[in-house]
Amino acid sequence: MYAELSLYEKYAVVPGTRVDLSQIDPNDTGDFATKKDARKALKKLRKKLVDLQERFYAWDARSILIVLQAMDTGGKDGTIEHVMQGTNPQGVEVTSFKVPTAEELAHDFLWRVHKAVPPRRMIGIFNRSHYEDVLVVRVHNLVPETVWRKRYEQINDFERLLSENGVVLLKFYLHISRDEQARRLQARLDDPNKRWKFSKGDLEERALWDDYMAAYTDALSLCSTPHAPWFVVPANHKWYRNYVVASILVETLEQLNPQFPPPEENLDDVVVV
Ligand code: AMP
Ligand code: MG
């Protein structure tokens, strides 16, 4: 008998180790043979998630911050849509990080991020994040290396501060292959309902694929910590990607074991008139 690895353990980047993305199969589908099986399993997980989120919200003790990073077409939007389906919108907030504004650029790179960290009881989701400041910024030399080099440690310090103040962090890198990105970009061009998502700039970024992989490798290797782990999620199959993210989130919530707060005393005698 061997103990079955949870998906949390299976896909977490072990702190202090070097990730080799070329050795992690984006086509991995774990224990699932078919899309149908994974979809069924995801449905079950979502039921658990909805129940746990209700307790988590009522508990009002911690917050959860989910960071989503991926190459273009990697599935950040789809993950949010499919994993969080059915949860109470009042307890979830999504923040998408775009090219920084002039005001944001006039501050340190974590300023806009810190403001968006979810308060107690909320599940916050970052669609892109402070990691852009060691990804796109590094690949395009938007600041000198002496500046971005320091950021890995600054990020670790920042995330430790959050963790010590009640924020539970989960960071997902949605791992697609270069070929899969080509298929998805082509699909965006071909489908009139998807064209709005296509930007010619995506092709310029695609040409820098290897530079991005090098930058991701450093971010994942240098910034996976016990209190803010990175997960490399096989993401060529959307149904498996959704299942993995949902599963790690549910496992985290189960560990937290949120409880409904005790009701006011002597409610048994109360009559509603
Ligand atoms: P999208 O996610 O497709 O709406 O695109 C958002 C764009 O903003 C992407 O091209 C990101 O690389 C870019 N972006 C996000 N954060 C930063 C940042 N800190 N510095 C420069 N560009 C960024
Ligand atoms: Mg885009």
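The shown structure was predicted, so the numbers you read here are calculated from the model rather than taken from an experiment.

Draft legend 1. Spatial organisation of the site of ligand 1. Neighbouring ligand 1 are F97, K98, V99, P100, R112, R128, E132, D133, V136, V137 and L142. Measuring from an oxygen atom of ligand 1, one finds a side-chain N or O atom of K98 at 2.4 Å. Within the side chain of R128, an N or O atom sits 2.6 Å from an oxygen atom of ligand 1. When the free accessible area of ligand 1 is taken as 500 Å², the share hidden by the protein chains comes to 71%. Grouping the amino acids of the shell around ligand 1 by side-chain chemistry returns six nonpolar, no polar and five charged.

Draft legend 2. Broad picture of a nonpolar patch on the surface. Together, L267, V270 and V272 make up an exposed nonpolar region whose accessible area comes to about 310 Å². The residue L267 is located in the segment after α11 (238-256) in this model.

Draft legend 3. Expanded view of the nonpolar core. Grouped together as the largest cluster of nonpolar side chains are 75 residues, with contacts concentrated most on I64, Y131, F172, Y173 and L249. The element that contributes the greatest number of residues to this core is α11, accounting for 11 residues. Not counting chain neighbours up to four residues away, the residues in contact with Y131 comprise V67, Q69, I155, E159, K171, A219, C223 and W230.

Draft legend 4. The pairing of strand β5 (residues 230-234), seen in detail. Among the five residues that make up β5, five are buried, leaving the element largely enclosed by the rest of the structure. Residues W230, V232 and P234 of β5 are buried on one face, and the alternating residues F231 and V233, pointing to the opposite face, are buried as well. Pairing of strand β4 (residues 167-175) with β5, which is carried by five bridges, proceeds in the parallel orientation. Each bridged residue has a counterpart across the sheet, and for H175 the counterpart in β5 is P234.

Draft legend 5. Looking closely at empty space enclosed by the protein. Following the criterion strictly, the structure yields one cavity of 30 Å³ or more and no others. Considered as a void within the structure, the largest cavity measures approximately 50 Å³ in volume. Elements with a minimum of two residues in the lining of the largest cavity: β1 (63-70) and α3 (76-84). No other element matches α3, which puts four residues into the lining of the largest cavity.

Scoring rules and cut-offs
Residues numbered from 1 in each chain as written. Chains lettered and ligands numbered in written order. Predicted model: local features only at pLDDT ≥ 70, side-chain atom pairs only at ≥ 80, totals over all residues. Heavy atoms only, no water. Near = heavy atom within 4 Å. Polar contact = N/O pair within 3.5 Å; in protein donor to acceptor, adjacent residues only side chain to side chain. Areas by Shrake-Rupley, 256 points an atom, 1.4 Å probe, with all protein chains shown as cover. Nonpolar A, V, L, I, M, F, W, Y, C, P; charged D, E, K, R; others polar. Patch = residues over 30% accessible without salt bridge, like charges linked within 9 Å, V, L, I, M, F, W, Y side chains within 5 Å. Salt bridge = Lys/Arg side-chain N within 4 Å of Asp/Glu carboxyl O. Helix = DSSP H or I, 4+ residues; strand = E, 2+ residues; numbered from the N terminus. Core = buried A, V, L, I, M, F, W, Y, C linked by side-chain atoms within 4.5 Å. Buried < 20%, exposed > 50% of the residue type's maximum accessible area, 1.4 Å probe, protein only. Contact = heavy atoms within 4.5 Å. Pairing = 2+ DSSP bridges. 1 Å grid on protein atoms, 1.4 Å probe; cavity = no way out; pocket = protein on both sides within 12 Å on 5 of 7 lines; lining within 4 Å. Points joined across faces, edges and corners; volume = space filled by probe spheres on them.

Purely geometric numbers; function is a separate question.
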